[in-house]
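Listed here are the chains, written in short residue letters.
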Amino acid sequence: MGAVTTPAPPLVRHFSGLQEYVATVDAMREWTAQRQPDTADELWLLEHAPVFTLGLAGRHEHLLAPGTIPVVQSDRGGQVTYHAPGQLIAYVLLDLRRTSLGIKRLVTLLEQSVIDLLAVDGISASRREGAPGVYVADAKIAALGLRVRHGCTLHGLALNVALDLEPFTRINPCGYAGLRVTQLADLVTRPVDVASVGAAWASGFTALFTAAGARSSAASNQQHSSSTCSSNSSASVCS
C-alpha cells in the first residue's frame, strides 16, 4: 500500500441563484465520475428551490402532506428532509482515499464544523448518537446525508439559516415524528444570509478537514514505514 497523503484544502465554489435539485445532483455525479486521482476536492455551496428529498432508506409514510412541493428520490443516505431558499446546502466532494479518514470521521467533522460555527454566536449546539446532524436543545438545525462511490463522497449537509420552516411540519424530519427544527435567524439578533454563513462554514470545515487529514496521514504513513509489526504492541497495525 502506498503512502497516504495530507489532503489539500478543498476548492470552494459558490453557486448564485436557486439551483434545481435533480440537475445539481446529476452534475455532482458526473463531476465525481470524471475526476482523476489528482483532481482537487471541492465544496459546492448553494441554495435549492423548494423540494422534499427521500434518501436511500426513505419511507413514504414520513411524507405527511407534501402538497405542491416536489418530492424527489435521492441516492444519499438518510430519510426525508426539506430544502428551500434560505438554507445553506454544502456538497462535500472529497476523495477520502487520499487520507485515512473514514466516513464516520467525516460525519463527525461536518457536525463539528456546524457546532463551531454556531458557537461564534454563543449558540450551544451538539450532536446525537445514532442520529446524525446538529441540534440546538431539542431542535435540529442541520441535517446530513452522504454517499460514497469508489472512495469519493457526494452530497453533504443542509444548514437552516433563514427560511420558512412551515414545510418541515409536512414531514417527519429525518424520519422522526414530531422532531422540531430551528434556524440561525431565530437564534441571533443580527441579520444573517446564506452567502456569508456559507463562507464562514467553508473556512471552518476546511481547517478541520485538512488538520484531521494531516494527523491521520502522519499516523498511517508511520505505520506503513515499518516493515514488521511488534508482537508485544497492541497498538501496532499491519497493512
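Keep in mind the model is a prediction, meaning the values are calculated, not measured. (Residues numbered from 1 in each chain as written. Predicted model: local features only at pLDDT ≥ 70, side-chain atom pairs only at ≥ 80, totals over all residues. Heavy atoms only, no water.)

Undergrad: Honestly, the overall build of the protein in this entry has me stumped. Any pointers?
TA: Secondary structure summary: the protein contains 3 helices and 11 strands in total. Listing every helix and strand of the protein by position from the N terminus yields β-α-β-β-β-β-β-α-β-β-β-β-β-α. In the protein, buried positions account for 49% of the 239 residues. Within the protein, contacts between residues at least 6 apart in sequence are counted, and of these 70% link residues at least 24 apart. Working note: accessible area of the protein is about 11,400 Å², and carbon and sulfur atoms make up 55% of it. (Helix = DSSP H or I, 4+ residues; strand = E, 2+ residues; numbered from the N terminus. Buried < 20%, exposed > 50% of the residue type's maximum accessible area, 1.4 Å probe, protein only. Contact = heavy atoms within 4.5 Å. Areas by Shrake-Rupley, 256 points an atom, 1.4 Å probe, with all protein chains shown as cover.)

Undergrad: How should I be thinking about helix H2 (residues 103-119) in this particular structure?
TA: Given 3.6 residues per helical turn, the α-helix brings residues three or four places apart onto the same face. The end-to-end C-alpha distance of H2 is 24 Å, a good match for the 24 Å that 17 residues give at a rise of 1.5 Å each. Turning to H2, its buried residues number three or more, namely Leu106, Val107, Leu109, Leu110, Glu111, Ser113, Val114, Ile115, Leu117 and Leu118. (Expected span 1.5 Å × (residues − 1).)

Undergrad: Whenever I open this one, the pairing of strand E8 (residues 131-136) confuses me. Can you help?
TA: Along any regular strand, the residues point their side chains to alternate faces of the sheet. In terms of residue burial, E8 counts as a mostly covered element, since 5 of its 6 residues are buried. Inspection of the sheet shows strand E7 (residues 126-128) paired to E8 by 2 bridges, in the antiparallel sense. Note on E8: the bridge partner recorded for Ser126 is Tyr135. Taken together, E7 and the strand that follows it, E8, pair antiparallel across an intervening segment of 2 residues, in which Gly130 is found at a positive phi of about 80°. Direction of pairing for E8 relative to strand E9 (residues 139-149): antiparallel, over a ladder of 3 bridges. Following the sheet pairing, Val136 is matched in E9 by Ala139. (Pairing = 2+ DSSP bridges.)

Undergrad: Just to check I follow, could you spell out helix H1 (residues 21-34) for this structure?
TA: Taking 1.5 Å per residue, 14 residues should reach 20 Å; H1 reaches 20 Å between its end C-alpha atoms and fits that length. All of the buried residues along H1 are Tyr21, Thr24, Val25, Met28, Trp31 and Thr32. An end-on view of H1 places all buried positions within 125° of arc, on one side of the element. For H1, the exposed residues set more than 90 degrees away from the buried face come down to Ala33 and Gln34. (Arc of directions from axis to C-beta.)

Undergrad: Help me out: how do you make sense of the sheet that holds strand E5 (residues 80-83) in this one?
TA: In a beta sheet, neighbouring strands are held together by backbone hydrogen bonds and run either parallel or antiparallel to one another. An order of E4-E3-E5 is seen for the 3 strands of this open sheet, with the pairing classed as mixed. The open sheet has two edge strands with one neighbour each: strand E4 (71-73) and E5. Strand-to-strand twist across the sheet, computed as the mean angle between neighbouring axes with direction ignored, equals 30°. Here 3 bridges tie strand E3 (residues 51-54) to E4, and the two strands are oriented parallel to one another. The partner of Leu54 across the bridge, within E4, is Gln73. (Axes fitted to C-alpha atoms, helices over the stretch in contact; angles between N-to-C directions.)

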